[in-house]
Amino acid sequence: MPVKIFFVQGSKLIDGLESEINKWQKSLGSKASVTHTSTAMTEHKDEAEGWQTRLVVTIWYEL
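Report follows, based on the coordinates. Residue positions are given per chain, counting from 1 as you read along its sequence in written order. Thresholds applied to this predicted model are a pLDDT of at least 70 for local features of residues and 80 or more for the giving and counting of side-chain atom pairs; totals over whole chains, interfaces and linings are not thresholded and use all residues. Side-chain measures were taken over the full set of non-hydrogen atoms in the model, leaving aside hydrogen atoms and water.

**Side note on the overall build of the chain**
Along the chain, the regular secondary structure elements total two helices and three strands. Tracing the chain from N to C terminus, the helices and strands come up as β-α-α-β-β. What the globule rule says is 2.2 Å times the number of residues to the power 0.38, and the radius of gyration is computed from C-alpha atoms. The C-alpha radius of gyration of the chain comes to 14 Å, more than 25% above the 11 Å expected for a compact globule of 63 residues. A principal-axis box enclosing the C-alpha atoms of the chain has dimensions of 45 × 20 × 10 Å. Contacts: residue pairs with any heavy atoms within 4.5 Å of one another. Taking the intrachain contacts of the chain between residues at least 6 apart in sequence as the baseline, contacts between residues at least 24 apart amount to 60%. Secondary structure elements follow DSSP: runs of H or I no shorter than four residues count as helices, runs of E no shorter than two count as strands, and numbering proceeds from the N terminus.

**Describing the packing of aromatic side chains**
Within 6.5 Å between ring centres, the rings of Phe, Tyr and Trp (the latter by its six-membered ring) count as paired, and their orientation is classed by plane angle as stacked under 30 degrees, edge-to-face over 60, tilted in between. Using the criterion set out here, one finds two aromatic pairs in the structure. Between Phe 6 and Trp 24 the ring centres are 5.7 Å apart and the planes differ by 80 degrees, which places this aromatic pair in the edge-to-face class. Taken together, the residues span a long stretch of sequence, with Phe 6 in strand 1 (residues 3–9) and Trp 24 in helix 2 (residues 17–28) at a distance of 18 residues. Each member of the pair, Phe 6 as well as Trp 24, carries the same accessibility label: buried. Think of it in three bands: residues with accessible area under 20% of the maximum for their type are buried, residues over 50% are exposed, and the middle band is partly exposed, with areas taken using a 1.4 Å probe on protein chains only.

**So, the nonpolar core**
Residue types Ala, Val, Leu, Ile, Met, Phe, Trp, Tyr and Cys, when buried and joined through side-chain atoms within 4.5 Å, form a set referred to as a nonpolar core. In this structure, Phe 6, Val 8, Leu 17, Ile 21, Trp 24, Leu 55, Val 57, Ile 59 and Tyr 61 together form the largest nonpolar core, which totals nine residues. Every element with two or more residues in this core is listed here: strand 1, helix 2 and strand 3 (50–62). Of all the elements, strand 3 adds the most residues to this core, at four residues.

Here is the structure:
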């Protein structure tokens, strides 16, 4: 079963993640189906950037 992983860091990129995932799902075609989705979020402090949020979305799918 194929897996697609989306990774973003920072508020601006996180805001566009849903749109990116939707575009990817449309590119799979009508016969594909998502079987499982997992989301993980962490925060860390970067000396130059301050607090940053990281978000990972993992999607298992069938073609």
